[in-house]
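The chain contents come next:
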Amino acid sequence: MHKMPRIWIMYLLTLTEQKLVTRTRRAFDRALCSLPVTQHDRVWEPYLVFVGQKGVPIETSRRVYRRYLKHDPSHVEDFIEFLVNSGLWQEAAERLAGVLNDDRFYSIKGKNKRRLWLELCDLLTQHADGVSGLNVDAIIRGGIRKSTDEVGRLWIALASYYIRRNLTEKARDVFEEGMTTVGTVRDFSEIFDAYSQFEEIMLLQKMEGEGEGNGEEDEDNDDDKDDRLDVAKIGRKLKRFWLSDDKEVELRMAQIECLSDRRPELANSVLLRQNPHNVEQWRRRVKLFEGNPTKQILTYTEAVRTVDPMKAVRRLHTLWVAFAKLYEDHKDVVNARVIFDKAVQVNYKTVDNLASVWCEWAEMELRHKNFKGALELMRRATAEPSTEVKRRVAADGNEPVQIKLHKSLWLWAFYVDLEESLGTLESTRAVYERILDLRIATPQILMNYAMLLEEHKYFEDAFKVYERGVKIFKYPHVKDIWVTYLSKFVKRFGKSKLERARELFEHAVEVTPAESLKPLYLQYAKLEEDYGLAKRAMKVYDQSTKAVPPHEKLSMYEIYIARAAEIFGVPRTREIYKQAIESGLPDKDVKTMCMKYVELEKSLGEIDRARRVFVYASQFADPRSDPDIWNKWSKFEVNHGNEDTFREMQRIKRSVSASYSQIHFILPEYLMQKDKQPNLDEAMDALKKAGVPEDEMAALEKQLLPDASNTATKDSNRKVVGFVSAGVESQTEGGLKVAANQEDIELPEESDSEDDERVEVAQKDVPSAVFGGLVRKREEGENGDDSAATKDTDDGGHIGALERIKRQRRGAMV
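Predicted, not measured: the structure shown is a model, and the values here were computed from it.

Participant: Describe the overall build of the chain, and please don't skip the residues or the numbers.
Facilitator: In terms of regular secondary structure, the chain is built from 42 helices and two strands. Counting across all 814 residues of the chain, residues that qualify as buried make up 39%. Summarising the internal contacts of the chain: among those between residues at least 6 apart in sequence, 52% fall at separations of at least 24. Total accessible area computed for the chain in this model is approximately 48200 Å², and 51% of it derives from carbon and sulfur atoms.

Shown next, in the form of structure tokens:
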């Protein structure tokens, strides 16, 4: 049964358990020879388990694995793992290198080439003495070139390889090369930490070695015998004499300190390798060499050569300016000028960067009292390129910033300041005119130009400049120019050129938007008050109230009223108050204006007029949400009214409250939840937006009236919050309630004593001769003479209003 694999496997497993190495190995070989190749997989699996047991010679296991790889080369990783576990570093490294060189290799364990490469590097560096024949340096450097996230680890591995080979200087070179080539701070930190640890270990070893050497020297000194023939001692002495150095410990300590001091510079180099066009990092690098001008100059030189102006991060011109300032600080102005001259030829990203370089150059000349040189620099900078230069640049297609420099506002502003300080009036005016011709002037520059002319008594020229300004600029930029121009003109000419001033003001208010009209109108009115006619001033104020935006109308009317009262007297302000109230002010402003109007009428003793104003203002105030007007009206009636006027006020109050309540009642539910007491205007707007026409709104109000009366009839004790019946209920002799005419909205009078707030009306004693027989009837009513009153009523006699009201109250109480 030598062709039966099951019998063979059972037999081989039995031998394996018996630990018979030679007999088992031969049986496995006979099984492989007997069975066909297609069934060898079933034999090789227990065969590999057998050779992996303890007690099997390593050489036997290695030869078995080699035979197995000829059968199935894909399991080479298992062989490599076996070699590593067995300490066969040389063959493991060779096999692993062969796997990496095989482009057709596929890992059955899911390892990629990068992981295998790292395993090879670790194997070569950790067992440097046990591996030969492979170019370890080339292998690891190849991994460094291919890998991106393990660069620091590979550099450390290469240095560790040389350390294990006892090549310490070569290891230092590798560390230095790694720190100067890595591109990330993380890799740099790994290499630097490993390098520092290596130097510290070398220092400790040297210090321990010197201690042992001193002990041996003491032993030699203690030995009194003649050791001239002792070859070993002579060799040790010669070694200490020729090869050792007493200052080596101090040298290594100095190396460690130097390495620590170099860390900021090396870290900055890493950042610059990431982006060599980062201007800020170059400036930080210069600060690292503070106190070493030579090193700083070399750094600046390297920086300006490396940084590409189009790729520069941050402002490149600051690097050139700092370079020139370094020479200036060391009293070398000539070289500073050379640096500036090169800096202005660089093609920066923006024109402002180039203009900044020119301005810094001119400021340096000013610091060294070279005023003519500074002015000459500004003339050079602001000179317009010739037509030939523009044509040549346009043909090239790459327009540098130097072509557009003559239109830099920053440069012209600096130039004009220099001319005002160092030049003449004519040269300064020429610069200002050039700015205006280039159409790059700002309102501030134009106003500075006008002020310069005013200082030199050129007032007409200054006003011409203002005229040019109001033509060039639009709102809101021209606002300050108009205000300054008008104030200067009025202050200069006053009454002498009044018509021209009026024309200027009229033109100003025509072109000015409504938001900026108020100061101009006040200035215009002040002109008329000081130099013109009072009527024209009032006309200006009247125009201003119509022209300003709604939120400024109230303040404008207040000013208008104050000036009118001061000029024409208080009675004249009545027309203005009436105009203000009817001019379409917002509701809150209308109420404010009405209260001011009331105070005016009260101060003049016009009580009836004040009351009519209260009546008009009441339609804008909901008694529940805006009680201020009603409280003032109530106090007014207490002090100046009588019982009838007070009742009229209460009637109006109920009517207004009912109107607001009805509007609130027919509002959508979401609006009622949002605002429990909506404004009248907001409610009407909401109904209009909902598509309800005005006639349907009125119909809704009328439909609500009978519902309210029916509700009151069913439950007399129930009160409908926010709703007042529009009918008048009266008591008859039979005790039945009869609804009055519903066309007239007349609220029941008995609510005054129950729902409304009790108000004590001030009464004065009136002579009885004034009332005549009414006094007698009132006394009879107070004594409870109901029969007489009934008799008078039946006879058709007339009773007083007070008596009728009291009877109604008694009926309601019953």
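Participant: Kindly report on the pattern of salt bridges, identifying the contributing residues and their values.
Facilitator: Per the stated rule, a full pass over the model turns up 44 salt bridges. Linking Arg-66 and Glu-91 is a salt bridge whose minimum nitrogen-to-oxygen distance equals 3.2 Å. With a gap of 25 residues between them, Arg-66 in helix 4 (residues 58-71) and Glu-91 in helix 6 (residues 89-101) connect regions that are remote in the sequence. Residue classification places Arg-66 among the partly exposed positions, given a relative accessible area of 32%. Of the charged contacts, one joins Lys-546 and Asp-542 as a salt bridge, the two residues approaching to 2.8 Å between their closest N and O atoms.

Participant: Just give me the short version of the packing of aromatic side chains, but keep the residues and values in it.
Facilitator: For the structure on display, the rule yields 33 aromatic pairs. Between Tyr-577 and Tyr-597 the ring centres are 5.1 Å apart and the planes differ by 5°, which places this aromatic pair in the stacked class. Remark: Tyr-597 occurs in helix 31 (residues 587-604) and Tyr-577 occurs in helix 30 (residues 573-581); sequence separation between them is 20 residues. Clustering of aromatic rings is evident, with ring pairs tying together Phe-463, Tyr-466, Trp-482, Tyr-485, Phe-489 and Phe-493.

Participant: Can you tell me about the environment of Lys-653, naming the residues and giving the values?
Facilitator: With respect to the helices and strands, Lys-653 occurs in helix 34 (residues 643-665). Taking the C-alpha atoms as reference, Lys-653 lies 9.6 Å from Val-615; in sequence the two are 38 residues apart. Those residues within four positions of Lys-653 in sequence are excluded, and the remaining contacts are Pro-623 and Trp-630.

Participant: Summarise the environment of Arg-30; cite the residues concerned and give the values.
Facilitator: Examined against the element boundaries, Arg-30 turns out to sit in helix 2 (residues 21-34). Using a relative accessible area of 44% as the deciding quantity, one classes Arg-30 as partly exposed. As for Arg-30 and Trp-8, which are separated by 22 residues in sequence, their C-alpha atoms are 9.4 Å apart. Apart from the residues within four sequence positions on either side, Arg-30 is in contact with Trp-8 and Tyr-11.

Participant: Please set out the confidence of the model for the chain residue by residue, giving values where relevant.
Facilitator: Residues with a pLDDT of 70 or more make up 76% of the chain, whose mean pLDDT is 76. Of the regions scoring below 50 in pLDDT, residues 222-244 engages in 13 contacts with residues more than four places distant in sequence or in other chains.

Participant: For unusual backbone geometry, give the residues involved together with the corresponding values.
Facilitator: Cis geometry marks the peptide bond from Tyr-475 to Pro-476; its omega dihedral reads 10°. With respect to the secondary-structure elements, Pro-476 resides in the loop between helix 24 (459-472) and helix 25 (479-493). Positive phi, close to 65°, is recorded for Asn-166, a residue that is not glycine. For Lys-369, which is not a glycine, the phi torsion comes out positive at approximately 65°. Tracing the chain through its elements places Lys-369 in the loop between helix 18 (351-367) and helix 19 (371-382). Lys-369 gets classed as exposed once you look at its relative accessible area, which sits at 63%.

Reading the values: rules and limits
Residues numbered from 1 in each chain as written. Predicted model: local features only at pLDDT ≥ 70, side-chain atom pairs only at ≥ 80, totals over all residues. Heavy atoms only, no water. Helix = DSSP H or I, 4+ residues; strand = E, 2+ residues; numbered from the N terminus. Buried < 20%, exposed > 50% of the residue type's maximum accessible area, 1.4 Å probe, protein only. Contact = heavy atoms within 4.5 Å. Areas by Shrake-Rupley, 256 points an atom, 1.4 Å probe, with all protein chains shown as cover. Salt bridge = Lys/Arg side-chain N within 4 Å of Asp/Glu carboxyl O. Phe/Tyr/Trp six-rings, centres within 6.5 Å; stacked < 30°, edge-to-face > 60°. pLDDT = per-residue confidence, 0-100.

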